[in-house]
Amino acid sequence: KINVIYSGLDKRFFDEPKISGQKILEKYGITKKYIFFLGTLEPSKNITRLLEAFAKFKEKSKNGNEKFDYQLVLAGKRGWLSQEYLQTIKDLGLNKDVVFTGYIIGDELVPLFRNSHFFIMPSLHEGFGMTVLEAFATGTPAIISKVSSLPEIAEDAAFYINPMSTEELAEAMLKFSQDENIRNEFRKKGLEQVKKFDWQKTARETLEIYNSFKR
């Protein structure tokens, strides 16, 4: 018999940030509205398709207008094959539109989430998917892959995409960028869903399992 007990989430993601959002934006050179990605920059995170989808999103957004008011912020350490992403960005003409922050310290995460227009996780596979819950806790609407554990932990609180389809990913970005109502809808759903992941609840359910052995 198996009992599933979910992990809790660090309480700091629910709190007001200790560092001002403006300070963080200036530090990393973020000058426009931005889409936020958090994770190790490696193939399993589907970075190449994310960049290709962002290029499509840029083209769809401009629609004859030369001004493009979004940046893609990629936060996290560089992993396997990450050097190739620089060439992809150059090939796609995104040099001015993509920001690499490198590894992010804890106190900077909350303002980076909160100041973003929305969070995106197009992973090909995931373990627990803690960053999705971090997005929820900071009130950040999320677009995520419908793979692995993600539908289980996010339920209906995130907007799902097929990570193999750059077109679907680009359309999701366009939808979220243009529709404040849909962002607000998923913001509210995320804040409600993340309440299920509480360390007190984790501890209580674990204790109940131990106590059941006595019976």
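Attention here is on the structure that accompanies the text.

Quick notes on the rules
Here the residue numbering is sequential within each chain, running from 1 through the sequence in written order. Note on the predicted model: pLDDT of at least 70 is required for a residue's local features to be given, and 80 or more for side-chain atom pairs to be given and counted; whole-chain, interface and lining totals, by contrast, use all residues. As a convention, hydrogens and water are excluded, and side-chain values are obtained from all of the structure's heavy atoms. Whenever Lys or Arg places a side-chain nitrogen within 4 Å of a carboxyl oxygen from Asp or Glu, that contact is recorded as a salt bridge. Put plainly, a pocket is an open set of points on a 1 Å grid over the protein atoms alone with protein on both sides within 12 Å along at least five of seven lines, a cavity is a set where a 1.4 Å probe fits but cannot get out, and a lining residue has an atom within 4 Å of a point. Grid points are joined across faces, edges and corners, and a volume is the space filled by probe spheres set on the points. Under the convention adopted here, Pro, Cys and the residues Ala, Val, Leu, Ile, Met, Phe, Trp and Tyr are nonpolar, Asp, Glu, Lys and Arg are charged, and Gly plus all remaining residues are polar. Axis lines are fitted to C-alpha atoms, over the contacting stretch for helices. Their N-to-C directions set the angle, which ranges from 0 to 180 degrees. Only DSSP runs of H or I reaching four residues or more are called helices, and only runs of E reaching two or more are called strands; each is numbered from the N terminus. Oblique is the label for any angle not covered by the other classes, which are roughly parallel (under 35 degrees), roughly antiparallel (over 145) and roughly perpendicular (65 to 115). In what follows, a contact means two residues having at least one pair of non-hydrogen atoms within 4.5 Å. What goes into a patch is any residue over 30% in relative accessible area without a salt bridge, connected to like charges within 9 Å or, for nonpolar side chains (Val, Leu, Ile, Met, Phe, Trp, Tyr), within 5 Å. Surface exposure here means Shrake-Rupley accessible area, sampled with a 1.4 Å probe, where a residue is shielded only by the protein chains that are shown.

Quick look at the pattern of salt bridges
Side-chain pairing between opposite charges can occur once the charged atoms of the two side chains come close. Inspection of the entire model under this criterion finds 14 salt bridges. A cluster of three or more residues bridged by salt bridges with shared partners is formed by Lys56, Lys60, Glu167 and Glu171.

A closer look at the layout of surface pockets
One number sums up the size of the largest pocket: a volume of about 180 Å³. Taken together, 13 residues line the largest pocket, and the ones lying closest to its centre are Leu38, Tyr103, Ile104, Leu109 and Glu134. Residues belonging to the lining of the largest pocket are distributed by class as follows: five nonpolar, five polar and three charged.

What about the packing of helix H7 (residues 166-178) against helix H8 (residues 180-193)?
Taken N-terminus to C-terminus, the directions of H7 and H8 make an angle of 95°; their axes are 5 Å apart at the nearest point. Judged by the angle between their axes, H7 and H8 are roughly perpendicular. When H7 is examined against H8, the residues Lys175, Phe176, Ser177 and Gln178 are found in contact with a partner set consisting of Glu180, Ile182, Arg183 and Phe186. Class assignment for the residues of the contact of H7 with H8 results in three nonpolar, two polar and three charged.

Some details on a nonpolar patch on the surface
Residues Leu207, Tyr210 and Phe213 make up a contiguous nonpolar surface patch of about 380 Å² in total accessible area. Structurally, leucine 207 is set in helix H9 (residues 199-212).

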